[in-house]
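# Reading the structure
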Amino acid sequence: MDRWAEFSRSAKLIGIGVSEIIRIGAEARKLAETHQDVISLSAGEPDFPTPDNVKLAGINAILTNQTRYTALDGTAELKAAIRRKLKRENGLDYAANEISIGAGAKQVLFNILMATLDPGDEVIVPSPCWTTYLDMIRLAGGTATMVPCSADAGFRLSPKQLAAALTSRTRWLLLNSPSNPTGAVYGTAHLAALAEVLRTAPGVGVISDDIYEHVLYDSAPFATMAAICPDIKPRVVIVNGVSKAYSMTGWRVGYAAAAPDIIATMAVVQSQSSSNPCSISQVAAIEALDGPQDIITERRDAFRRRRDRIVAGLNAIPHVHCLLPDGAFYAFADMRTLLARPELKRKDIADDTALCRYFLHECHVASVPGFCFGEPGYLRLSYAASDRMIDDALERMKAGVERLLKY
Ligand SMILES: Cc1ncc(COP(=O)(O)O)c(C=O)c1O
């Protein structure tokens, strides 16, 4: 390695790269420069625009010069709007010093892990999971304990698995419901059963990544640990944001609700990295949280229709199996039977990465291989796309698989 290449990567970064999902998105965009028909089902963001009232609030923030540094971990006004949201939607009371705002839920998660993990500390992560968790835990000096959760168990962690994964070094259980990539949802009973185990481990906290709270198709209302088990609330950190619920991925606003001590140490991390989240985005986020909420149900209904469409279409492809997800906007399709076919082996398509590449380059459909989420043999397809795009993508994938199976 030459000297500069060596200087440009510290030991902390060994084994950590740019997120595979971001890399695939870039590859799909590059392919689209020469092929206009590329359909990207790899991104994790709603295809709907930010609501007009929210955009106008952002424009107004610029026109009224709300363009300076703000309080380090968010303005008092946005903290108040978040507290109102947590009370209204989750029945939870938090004080202003129990809220921290960062540049997206992603930064908030990073702050929590950087602020609390010492070398060797363990974080239990039910898998399949958003792989960013694993890299962040590693960057923060901790160790991720991945616990495989099977499709038969609804991709959910059982109390027995949780009990078996706990050690004296366990610091956090990281729950994500609805889940990226499986859409699995932990209901009240599931959370209560996990809490039973947590009561035997008082030093273990829960990071509850609720970012897909509003993309939920279950008839039962959204459940989050702090609300279901008030005795556990002091050791729960809720992570949420406006990205997915209000189509505001580019505005970068996420938040945490937790005990004041953690909020204070998260502020230390943020003060030495990015400082305050964008002042304009914070004003827009207040409008998102306090303004009309009908958009949430309208968009959820659209996602539900698309979910039904994509899952039916995937199951109509030979040797592909896909469960109906209860939340989020991803179909997590089981490709293992297809990948086991001799016709694919003969064509050197031996795993989910090769299949993902085939679909991208031969069918012009971008997806994400399951290995990115700790579950090789699967593909994740985002259905945050129009009906037409979903239908076209499915048609091309079906034809692509039929071609593969021909000889
Ligand atoms: C599970 C999960 N948590 C958190 C995030 C981060 O969201 P934000 O845009 O608020 O950083 C994502 C984004 O894809 C996600 O999938």
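Residues numbered from 1 in each chain as written. Predicted model: local features only at pLDDT ≥ 70, side-chain atom pairs only at ≥ 80, totals over all residues. Heavy atoms only, no water.

### Here we look at empty space enclosed by the protein
Summed over the entire model, instances satisfying the criterion amount to five cavities of 30 Å³ or more. Taken as a whole, the largest cavity encloses approximately 130 Å³ of empty space. Contributing to the lining of the largest cavity are 15 residues, with P126, P128, C129, N176 and S179 lying nearest its centre. Put simply, the parts of the chain that give the lining of the largest cavity at least two residues each are β3 (122-127) and β5 (170-176). Residue composition of the lining of the largest cavity, grouped by class: ten nonpolar, five polar and no charged. (1 Å grid on protein atoms, 1.4 Å probe; cavity = no way out; pocket = protein on both sides within 12 Å on 5 of 7 lines; lining within 4 Å. Points joined across faces, edges and corners; volume = space filled by probe spheres on them. Helix = DSSP H or I, 4+ residues; strand = E, 2+ residues; numbered from the N terminus. Nonpolar A, V, L, I, M, F, W, Y, C, P; charged D, E, K, R; others polar.)

### Points about the site of the ligand
In the vicinity of the ligand there are 13 residues, among which A105, D209, S243, K244 and R252 approach most closely. At a separation of 2.7 Å, an oxygen atom of the ligand approaches a polar side-chain atom of K244. Within the side chain of R252, an N or O atom sits 2.8 Å from an oxygen atom of the ligand. Against a free-state accessible area of 400 Å², the protein chains account for coverage of 93% of the ligand. For the shell around the ligand, the per-class residue count stands at five nonpolar, four polar and four charged. (Near = heavy atom within 4 Å. Polar contact = N/O pair within 3.5 Å; in protein donor to acceptor, adjacent residues only side chain to side chain. Areas by Shrake-Rupley, 256 points an atom, 1.4 Å probe, with all protein chains shown as cover.)

### Considering the sheet that holds strand β9 (residues 321-322)
Hydrogen bonds between backbone atoms are what pair the strands of a sheet, whose relative direction is either parallel or antiparallel. With antiparallel pairing, four strands are arranged side by side in an open sheet as β9-β10-β13-β12. Across the chains shown, the open sheet's two edge strands, defined by having one partner strand only, are β9 and β12 (368-369). With two bridges connecting them, β9 and strand β10 (residues 330-334) associate as antiparallel partners. Residue C322 lies in a different strand from β10, and its bridge partner there is A333. (Pairing = 2+ DSSP bridges.)

### Description of the layout of surface pockets
Volume-wise, the largest pocket comes out at about 920 Å³. Around the largest pocket sit 39 residues that line it, and A43, G44, E45, K244 and T249 are the ones nearest its centre. Secondary-structure elements contributing two or more residues to the lining of the largest pocket are α2 (20-34), α5 (105-116), α6 (132-139) and β13 (378-382). Sorting elements by how many residues they give to the lining of the largest pocket places α2 first, with six residues. I16, G17, S19, T132 and D135 are the residues nearest the centre of the second largest pocket, which is lined by 18 residues in total. Elements supplying a minimum of two residues to the lining of the second largest pocket: α5 and α6. Per-class residue counts for the lining of the second largest pocket are eight nonpolar, six polar and four charged.

### Considering the sheet that holds strand β7 (residues 236-241)
Reading across the sheet, the seven strands line up as β2-β8-β7-β6-β5-β3-β4 and stay open at both edges, with mixed pairing between neighbours. What marks the edges here is a single partner per strand, and that holds for β2 (99-102) and β4 (143-148). Neighbour to neighbour, the strand axes of the sheet diverge by 20° on average, direction disregarded. Two strands pair when backbone bridges link them, and β7 and strand β8 (residues 254-257) are joined in this way by four bridges, in the antiparallel orientation. Considered in β8, the bridge of V239 is made with A256. Against the sheet, helix α4 (residues 76-90) contacts β2, β7 and β8, and its axis sits at roughly 115° relative to β2. (Axes fitted to C-alpha atoms, helices over the stretch in contact; angles between N-to-C directions. Contact = heavy atoms within 4.5 Å.)

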